[in-house]
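A structural walkthrough
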Amino acid sequence: MFVGENCKTGQAIDIGQVAFTTVLNLISNTFFSIDLASYNSNVSLQFYDVIVGTMEQLGKPNLADYFPLFKIMGPQGIRRRTNLCYDRLFEIFDGIITKRLQLKSSSTAIKDKQDLLDSLLNISQEENNSKLSLVEIKHLLFDLFVAGTDTTAKTLEWGMAELLRNPEKLSELKKELKEVEGQIQESDIHRLPYLQATVKEIFRLHPAGPFLVPHKAESEVEIGGFKIPKYAQILVNVWAMGRDGSIWENPDRFEPERFLGSKIDVKGRDFELIPFGAGRRICPGLPLAHRMLHLMLASLVQSFDWKLANGIEPKELDMTESFGLSLSKAQPLLATPCL
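The present account deals with the structure reproduced in this document. (Residues numbered from 1 in each chain as written. Predicted model: local features only at pLDDT ≥ 70, side-chain atom pairs only at ≥ 80, totals over all residues. Heavy atoms only, no water.)

1. Description of the side chain of histidine 206
Of note, histidine 206 is situated in the loop between helix 9 (193–205) and strand 2 (215–216). Among the polar contacts listed, one links the side chain of histidine 206 to the side chain of glutamate 162, at a separation of 2.7 Å. (Helix = DSSP H or I, 4+ residues; strand = E, 2+ residues; numbered from the N terminus. Polar contact = N/O pair within 3.5 Å; in protein donor to acceptor, adjacent residues only side chain to side chain.)

Dropping the structure here:
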């Protein structure tokens, strides 16, 4: 809706904000059956500040992780700033949970409503069940929101940036999407090979978590001639793996065609492309994020003709990366939608 409004006025929009708001509402509908925000609204900006702020703080090197003495002192102030982000988001969850509990106890409660929050509250209220408290529910929701919205939104922003920077790839994708009658549905994805290849190429060049999440070695092990001590913190550089010239031809070029006819996937079986990790610690949000990214990218490309704002030529687009726990564009992507 808000993209269409900007289309009528010819105004540029922040693709990152559009992506964040869209992902936020998709997740909030899954969890709470409500839209939490609209583009550029106060609520949306508040969520954006909290979630991005949390990811920034968690991604900063913290002396307390390596020198336990600093845990009490907190000389960098990372824990204090992170706790402020936690508190702001928990306040929002408290309000939503309180209203839902009041609704469930009222005579007008909707008995057949079963979103994620209802399911979690039902479990917590079962007799003789102490496995899930309201505090644990809030922390679970926090993890899902922070991990799901920020990473998916940033990946979509990178995808649109690569397509706008490579107009011939954008035209090829748009041509394929024109074969679909009406709005793209999840059931259409399997018959859109160029869309699937484009998403894989986005994951290869711009993995949302460039180092995945930190792991810890359970025992001492030797891998490739390197001895890894027990309890060592392990970071997997999937960003470098995606740009390894010994694996990929023209590794720095955006070429979705490399995946056409290829069996390589992002689901943890092909170790040259593991943006979600692999094994039993693979990202639990993979299925949802994978579907959302295909649908959102396809919808934006199918519904509008895009041009970069401020007269920027495609090859002039700033693709500078900002590294952290998630991979951000250093400069926001501004583009104008046209019908």
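2. Notes on the sheet that holds strand 6 (residues 305–308)
Here 3 strands make up an open sheet; going across it, the order is 1-9-6 and the pairing antiparallel. Each edge of the sheet is formed by a strand with only one pairing partner; in this case those strands are strand 1 (13–14) and strand 6. As paired elements, strand 1 and strand 9 (residues 334–338) share 2 bridges and run antiparallel to each other. Residue pairing for strand 9: isoleucine 13 is matched across the bridge by alanine 335. (Pairing = 2+ DSSP bridges.)

3. A closer look at the pairing of strand 6
Side chains Trp306 and Leu308 project from strand 6 onto a buried face, and the interleaved Asp305 and Lys307 project onto a face without burial. In this structure, strand 6 lies alongside strand 9, joined through 4 bridges in antiparallel fashion. Within strand 9, the residue paired with tryptophan 306 across the bridge is proline 337. (Buried < 20%, exposed > 50% of the residue type's maximum accessible area, 1.4 Å probe, protein only.)

4. A look at helix 2 (residues 15–32)
For helix 2, which comprises 18 residues, the first-to-last C-alpha distance of 25 Å matches the rise-based estimate of 26 Å (1.5 Å per residue) to within 8%. With 14 of 18 residues buried, helix 2 is to be regarded as a mostly interior element. Of the residues flanking the start of helix 2, the one acting as N-cap is aspartate 14, its side-chain oxygen 2.9 Å from the backbone nitrogen of glycine 16. Count one or two residues on from helix 2 and you reach serine 33, which has phi positive near 60°. (Expected span 1.5 Å × (residues − 1).)

5. Description of the pattern of salt bridges
Applying the stated criterion across every chain yields a total of 16 salt bridges. A salt bridge links aspartate 115 to arginine 100; the shortest N-O distance between them is 3.0 Å. Residue aspartate 115 is found in the loop between helix 5 (78–105) and helix 6 (116–124), and its partner arginine 100 is found in helix 5; the two are separated by 15 residues along the sequence. Residue aspartate 188 is joined to arginine 191 by a salt bridge in which the shortest nitrogen-to-oxygen separation is 2.9 Å. (Salt bridge = Lys/Arg side-chain N within 4 Å of Asp/Glu carboxyl O.)

6. Observations regarding the side chain of asparagine 166
Looking at where asparagine 166 falls in the secondary structure, it is placed in the loop between helix 7 (134–165) and helix 8 (167–177). Sequence-distant contacts of asparagine 166, that is, excluding residues within four places in its chain, are made with Phe254 and Lys315. (Contact = heavy atoms within 4.5 Å.)

7. Remarks on the nonpolar core
Ranked by internal contacts, the top residues of the largest apolar core, which has 75 residues, are Phe32, Phe47, Leu141, Phe145, Leu297 and Trp306. For this core, the element with the highest residue contribution is helix 7, accounting for 12 residues. When residues no more than four places from it in sequence are discounted, the contact partners of leucine 141 are Phe31, Phe32, Phe93, Ile97, Leu116, Leu117 and Leu120. (Core = buried A, V, L, I, M, F, W, Y, C linked by side-chain atoms within 4.5 Å.)

8. Here we look at the packing of helix 6 against helix 7
Packing of helix 6 against helix 7 leaves a shortest axis separation of 10 Å and a crossing angle of 155°. It follows that helix 6 is roughly antiparallel to helix 7 by the angle criterion. Crossing angle aside, the handedness with which helix 6 passes helix 7 is right-handed. Where helix 6 abuts helix 7, its residues Leu116, Leu117, Leu120, Leu121 and Ser124 lie against Leu134, Ile137, Leu140, Leu141 and Leu144. Residue classes in the contact of helix 6 with helix 7 are distributed as 9 nonpolar, 1 polar and no charged. (Axes fitted to C-alpha atoms, helices over the stretch in contact; angles between N-to-C directions. Parallel < 35°, antiparallel > 145°, perpendicular 65-115°, else oblique. Left-handed = near helix turned anticlockwise from the far one by under 90°. Nonpolar A, V, L, I, M, F, W, Y, C, P; charged D, E, K, R; others polar.)

9. Remarks on helix 8
Listing the buried residues of helix 8 in full gives Lys169, Leu170, Leu173, Lys174, Glu176 and Leu177. End-on view of helix 8: buried residues confined to an arc of 160°, all on one side of the axis. Those residues of helix 8 that are buried are in contact with helix 7, helix 9, helix 11 (286–303) and strand 6. (Arc of directions from axis to C-beta.)

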